[in-house]
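What follows is the residue order along each chain.
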Amino acid sequence: MKRNRKLFLTALFCFSIPLVVKAQVYIDKTAQVSIFSSTPIEDIKATSHSGVLVLQLPRQEIAVQLMVKTLEFDKELMQQHFNEDYMESDKYPVAKFKGTIEPKIDLTKDGEYNVAAKGILNVHGVNQTRIINGKITVKNGVVSLYSVFDIACTAHHIKIPSLVVTKVAEVIQVKIQSNLNPLK
């Protein structure tokens, strides 16, 4: 009888772990990712509402992924040049970041948490170790994330032709805004 009880408790424990972990996974499949480039000649901006962001607690892991071609520009020709000439989106279709967040946060408590995510940023097929700062806000059970950071084109081997160097900045600002929901 005692052996059966131990077996039952072990099985219950093993099967309950995925439920606990699953309840602490937050996801957003419509994260807004924007880019902005400013030069004296021209400002370039684009936005996507197709970013995927996953926050996994208690491991404090974060992953962000964007299909580069989902970025929409005001001018169709800009979008074409961006995808074909600079980002080579057919060859490098995805930009992504995977890392861990510090400090440890409790998403059951309302508040604003300044965080730093340390991990690997992959843009244009080039991995860079980065620390990206952001803010996670919890209000009435709603979890949101906001981050603004810069990407140097040269760090990811993105070549800007000398003919347009006055129109395209060497450093691009990236902004991420996300409302996360518990994974069901």
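Here is a short report on the structure shown in this document. (Residues numbered from 1 in each chain as written. Predicted model: local features only at pLDDT ≥ 70, side-chain atom pairs only at ≥ 80, totals over all residues. Heavy atoms only, no water.)

## Re helix α2 (residues 76-86)
So, step 1. Considered for burial, the residues of α2 that qualify are Met78, Phe82, Asn83 and Tyr86. The buried residues of α2 occupy one face: seen down the axis, they fall within an arc of 125°. Residues of α2 that are exposed and point more than 90 degrees away from the buried face comprise Glu76, Leu77 and Glu84.
So, step 2. Next to the buried residues of α2 lie β1 (25-38), β2 (43-56) and β4 (72-73).
So, step 3. Where α2 terminates, the next one or two residues include glutamate 88, which has phi positive at roughly 45°. (Buried < 20%, exposed > 50% of the residue type's maximum accessible area, 1.4 Å probe, protein only. Helix = DSSP H or I, 4+ residues; strand = E, 2+ residues; numbered from the N terminus. Arc of directions from axis to C-beta. Contact = heavy atoms within 4.5 Å.)

## Observations concerning the pattern of salt bridges
So, step 1. Applying the stated criterion to the full structure yields 5 salt bridges.
So, step 2. Taking the shortest distance from any N to any O, the salt bridge between glutamate 61 and arginine 59 comes out at 3.7 Å.
So, step 3. Where lysine 109 meets aspartate 106, a salt bridge forms, and the shortest distance between an N and an O atom there is 3.9 Å.
So, step 4. A relative accessible area of 32% places aspartate 106 in the partly exposed class. (Salt bridge = Lys/Arg side-chain N within 4 Å of Asp/Glu carboxyl O.)

## Considering the nonpolar core
So, step 1. Ranked by size, the top nonpolar core spans 43 residues in total, and within it Ile35, Leu55, Ile62, Phe73, Leu107, Ile136 and Ile176 carry the most contacts.
So, step 2. If you tally residues by element for this core, the top one is strand β6 (residues 111-123), at 5 residues.
So, step 3. In contact with isoleucine 176, other than residues within four places in its own chain, are Gln32, Val33, Leu53, Val64, Leu145, Tyr146, Ser147 and Phe149. (Core = buried A, V, L, I, M, F, W, Y, C linked by side-chain atoms within 4.5 Å.)

## A closer look at the environment of serine 38
So, step 1. Within the secondary structure, serine 38 sits in strand β1.
So, step 2. Taking C-alpha positions, serine 38 is 8.9 Å from valine 171, a pair spaced 133 residues apart along the chain.
So, step 3. When neighbours within four sequence positions are excluded, serine 38 is seen to be in contact with Asp43 and Ala169.
So, step 4. For serine 38, the side chain forms a polar contact with the side chain of aspartate 43, separated by 2.8 Å. (Polar contact = N/O pair within 3.5 Å; in protein donor to acceptor, adjacent residues only side chain to side chain.)

## What to know about the pairing of strand β8 (residues 142-152)
So, step 1. Here β8 shows a buried face lined by Val143, Leu145, Ser147, Phe149 and Ile151 and an unburied face lined by Val142, Ser144, Tyr146, Val148, Asp150 and Ala152.
So, step 2. From the end of strand β7 (residues 126-139) to the start of β8, which pair antiparallel, there are 2 residues, and asparagine 140 there has a positive phi angle of about 55°.
So, step 3. Pairing between β8 and strand β9 (residues 171-182): 10 bridges, direction antiparallel. Opposite phenylalanine 149, over in β9, you have valine 174 as the bridge partner. (Pairing = 2+ DSSP bridges.)

## Remarks on the packing of aromatic side chains
Any two aromatic rings considered together are summarised by their centre-to-centre distance and by the angle between their planes.
So, step 1. Within this structure, the stated rule accounts for 1 aromatic pair.
So, step 2. Between phenylalanine 73 and phenylalanine 82 the ring centres are 4.9 Å apart and the planes differ by 50°, which places this aromatic pair in the tilted class. (Phe/Tyr/Trp six-rings, centres within 6.5 Å; stacked < 30°, edge-to-face > 60°.)

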